[in-house]
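Report on the structure
Residue-level listing of the chains:
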Amino acid sequence: MQRSDLIAFNCRYSHSCLALFYVRQELARNLPGAEVHLHQFTINDPYYATLLRLSESGADVLFFAVYIWNARYVERLVRDLARIQPARPLVLGGPQAAVLEGLPLCCTVVQGEIEGVGGQFYQDLAAGSLRPMYQGEAGQPFPSPYLDDDFTGPLANRQVYYESSRGCPFRCAYCLSSVQRGVRHKELAQVEEELARILAFAPRIIKFVDRTFNADPERALAIWHYLATQPQPTRYHFEIAPDRFSEEMFAFLAALAPGRFQFEIGIQSTSPEALSAINRTMDVTAAMENIRRLVGLGTVHLHVDLILGLPFETRESFRRSLNQVFALGADHIQMGLLKVLPTTPISREQDAFGLIHCAQSPYEVLATRWLAHRELCELFALGECVEAFYNNRYFPSLWRYLRKSGEEPFSFFQGLLSVCRQHAFFDLSVTQELLARMLRELAQGRVDRELLLELMRYDWLSCGHRFLPPSLAARPLSDIRAELRGSLPPSMEGWYGARERSEFLKRGVFLELSARAGKEIGLDREGRAATVCFLPEDPHGSGKRVRVAVLDLPPAQGGA
């Protein structure tokens, strides 16, 4: 009996590789009785130990899933495996398999969809006479490939990926999806049946890999309605086009329990010239308004993407894009680099666009006709600041203030980048305390310095910390607590009674806020200063989730 080992190298342990499960399903269908094993590694696993594990696996054939993030790792592996065991077949599939160069003679590349490869491949595989190349045609059904045992085995403690459709309505020039036309949808009854089987095991998260989940708004809404009725605490991730929302979708999302859905929204750019150059069809005005409405609902986690290095994107147009996107208030802003993937339309326009990119996967852009290398480096570093300081969600009050004040976000992060470089930030291990220290340094020269520090203190203690770091030092907690012993009322409804008063003082962390800081945070104090208490939600531990109480004190307490 022939044994095949199917191998993936994911970016993180929590990820999984959907392709392996599809390949396993096709092997079982075409070669009944074949022995198949799945192995999921990460690109950070020690290379030599991984090489030895695969060389000693005992498999007759090794299958590899090849993507831009693991192509170099896989390429190195197959070359070394071929040196050790030149007669053992190595089968490579996935979007980057066909562009690997100098592959050993024992390698076979499968292009396209595994469901459409055809019987000859499996006959050759069983006979040990594989050819160098096979083509899988699109158009075959693609039922969910998961078995019940997967959820307690290879998918345990991992993200589960699922596709209800294949293809994309867009033809973005930088995307591999642009090579194939059309979108194929599963019937809704099939989608519900497959999801029910997955949800029986209550995975932590299901990520829909549909390239544009809401390409058909009515169909997307039907699937959302089904998911909302499921009792499991599973979260759901969708890739969403921001300009394809109906009023019925907004009404549904407004009533959705917070935390169940998360959207990844590809804006890419707000520059009409850049969007036109990459064949991206999007109503920018509608997209911005829809994202603003989604943020206002407060029920969906929003991750928005910009791409750095697109054709016709200048420093100033990218500046405008970042400013517009920051103003929306999404939870996460990603400033990714354009990747000039082989076989995509944009790769054929490199000379026209002056695109210089890395020679090896993942082919990140280095310069364009509109962005010199130095300018691109500067924007990339600014994006790293956004990633480190904004996307961690440590300082939400600070970012809300920045949006309300009308200050230009791009200039704010430019100043922050300058501070980070002065203090070698990018050479240090990023901690919340380090982020606070850099923000404090930035605040030093500002007229609103004290207000920024107050907002950061509030955000720091909202994270569940028991003490302020030196960079955010304020009036000692012991002094505030001593004062409160004499001024706190005997009881506070919803927080403590006469018997719990001393325990409240002991467990609470207290902070004094000016009237302006209280207003920016959203405390209803009618122009008065406030003393607030941060109390762990878990009464038996410190925890990281806290409740915030605004203390009802005599007017003199806390100042003006």
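What you are looking at is a predicted structure, and each value in this text was computed from that prediction instead of being measured. (Residues numbered from 1 in each chain as written. Predicted model: local features only at pLDDT ≥ 70, side-chain atom pairs only at ≥ 80, totals over all residues. Heavy atoms only, no water.)

1. Looking at the overall build of the protein
For the protein, the helix and strand inventory stands at 19 helices and 19 strands. By its C-alpha atoms, the protein is 90 × 55 × 50 Å across when sized along the principal axes. Looking at the 560 residues of the protein, the share that counts as buried comes to 53%. Excluding contacts between residues fewer than 6 apart, the proportion of contacts in the protein whose partners are at least 24 apart in sequence is 70%. When the accessible surface of the protein is split by element, carbon and sulfur atoms take 51% of a total near 25500 Å². Charge-centre separation for the protein: the mean point of 60 positive side chains lies 4 Å from the mean point of 64 negative side chains. (Helix = DSSP H or I, 4+ residues; strand = E, 2+ residues; numbered from the N terminus. Buried < 20%, exposed > 50% of the residue type's maximum accessible area, 1.4 Å probe, protein only. Contact = heavy atoms within 4.5 Å. Areas by Shrake-Rupley, 256 points an atom, 1.4 Å probe, with all protein chains shown as cover. Lys, Arg positive; Asp, Glu negative; His and termini not counted. Charge placed at Lys NZ, Arg CZ, Asp CG, Glu CD.)

2. A look at the packing of helix 12 (residues 373-390) against helix 14 (residues 409-422)
Put simply, helix 12 and helix 14 touch, their axes get as near as 9 Å, and they point 90 degrees apart. In terms of orientation, helix 12 and helix 14 fall into the roughly perpendicular class. Residues Glu378, Leu379, Ala381, Leu382, Cys385, Val386, Phe389 and Tyr390 of helix 12 form the contact with helix 14, whose own contacting residues are Phe410, Phe413, Gln414, Leu416, Leu417, Cys420 and Arg421. Across the contact of helix 12 with helix 14, the residue classes tally to 12 nonpolar, 1 polar and 2 charged. (Axes fitted to C-alpha atoms, helices over the stretch in contact; angles between N-to-C directions. Parallel < 35°, antiparallel > 145°, perpendicular 65-115°, else oblique. Nonpolar A, V, L, I, M, F, W, Y, C, P; charged D, E, K, R; others polar.)

3. Brief notes about helix 3 (residues 71-84)
Here helix 3 is 14 residues long and its end C-alpha atoms lie 20 Å apart, about the 20 Å a rise of 1.5 Å per residue gives. Along helix 3, the positions that sit buried rather than exposed are Ala71, Tyr73, Val74, Glu75, Leu77, Val78, Leu81 and Ala82. Looking at the buried positions of helix 3, the neighbouring elements they touch are strand 1 (3-10), helix 2 (47-55), strand 3 (61-65), strand 4 (90-93) and strand 5 (107-112). (Expected span 1.5 Å × (residues − 1).)

4. Examining the pattern of salt bridges
On inspection of all chains with the given rule, the structure shows 26 salt bridges. With a closest N to O distance of 2.7 Å, Arg446 and Glu407 form a salt bridge. Of this pair, Arg446 sits in the loop between helix 15 (432-443) and helix 16 (449-462) while Glu407 sits in the loop between helix 13 (396-405) and helix 14, and the two are 39 residues apart along the sequence. Judged by relative accessible area, Glu407 falls into the partly exposed class, the value being 26%. Glu441 is the partner of Arg440 in a salt bridge, and the nearest nitrogen-oxygen pair spans 3.0 Å. With a relative accessible area of 18%, Arg440 lands in the buried category. Note on Glu441: relative accessible area 27%, which makes it partly exposed. (Salt bridge = Lys/Arg side-chain N within 4 Å of Asp/Glu carboxyl O.)

5. Side note on the sheet that holds strand 11 (residues 235-240)
Taken together, 6 strands build an open sheet; the order of strands is 7-10-11-12-13-14 and the sheet is parallel. Edge positions in the sheet fall to strand 7 (160-162) and strand 14 (332-337), since each of these pairs with one other strand and no more. On average, adjacent strands in this sheet sit at an angle of 25 degrees to one another, irrespective of strand direction. Alignment of strand 13 (residues 300-308) against strand 14, held across 6 bridges, turns out to be parallel. Opposite Leu308, over in strand 14, you have Leu337 as the bridge partner. (Pairing = 2+ DSSP bridges.)

6. Some thoughts on the pairing of strand 13
Strand 13 sits mainly inside the fold: 8 of its 9 residues count as buried. A crossover connection joins strand 13 to the parallel strand 14 through helix 10 (residues 315-328); in handedness this β-α-β unit is right-handed. (Right-handed = clockwise from strand over helix to strand, strands pointing away.)

7. Section: the pairing of strand 4
Side chains Leu90 and Leu92 project from strand 4 onto one buried face, and the interleaved Val91 and Gly93 project onto a second face that is buried too. Where strand 3 meets strand 4, 4 bridges bridge the pair, whose relative direction is parallel. Residue Leu62 lies in a different strand from strand 4, and its bridge partner there is Leu90. Crossover handedness for the path strand 3 to helix 3 to strand 4: right-handed. Of the pairings in the sheet, the one linking strand 4 to strand 5 comprises 4 bridges and is parallel in character. Looking at strand 5, one finds that Gly93 is bridged to Val110.

8. Some remarks on the confidence of the model for the protein
In the predicted model, the protein carries a mean pLDDT of 92, and the fraction of residues at 70 or more is 97%. Residue range residues 556-560 is modelled with pLDDT below 50. Its contacts to residues more than four positions away, or to other chains, number 6 contacts. (pLDDT = per-residue confidence, 0-100.)

9. A short note on the sheet that holds strand 5
Judged by pairing direction, the sheet is parallel, and its 6 strands sit side by side in the order 2-1-3-4-5-6 without closing on themselves. The open sheet terminates on both sides in strands that have one partner only, identified here as strand 2 (35-42) and strand 6 (133-136). Going from strand to strand, the sheet's axes swing by 20 degrees on average, the running direction of each strand aside. Sheet strands touched by helix 3: strand 1, strand 3, strand 4 and strand 5. Its angle to strand 3, the strand with the most contacts, is close to 165 degrees. Of the strands in this sheet, strand 3, strand 4, strand 5 and strand 6 are in contact with helix 4 (residues 119-127), which crosses strand 3 at around 140 degrees.

10. Quick notes on the packing of aromatic side chains
Per the counting criterion, the structure on display carries 40 aromatic pairs. Summarising the aromatic geometry, the rings of Phe9 and Tyr73 are spaced 4.7 Å apart at their centres and angled 40 degrees between planes, so their arrangement reads as tilted. You can see Phe9 sitting in strand 1 and its partner Tyr73 sitting in helix 3, a full 64 residues away along the chain. Accessibility expressed as a relative area gives 1% for Phe9, which makes it buried. Between Phe312 and Phe353, the aromatic rings sit 6.4 Å apart at their centres with planes inclined by 70 degrees, giving edge-to-face as the arrangement. (Phe/Tyr/Trp six-rings, centres within 6.5 Å; stacked < 30°, edge-to-face > 60°.)

11. Concerning the environment of Gly93
Within the element layout of this structure, Gly93 appears in strand 4. Note: C-alpha distance between Gly93 and Ala372 (279 residues apart in sequence) is 36 Å. When neighbours within four sequence positions are excluded, Gly93 is seen to be in contact with Phe64, Ala65, Val66 and Val110.

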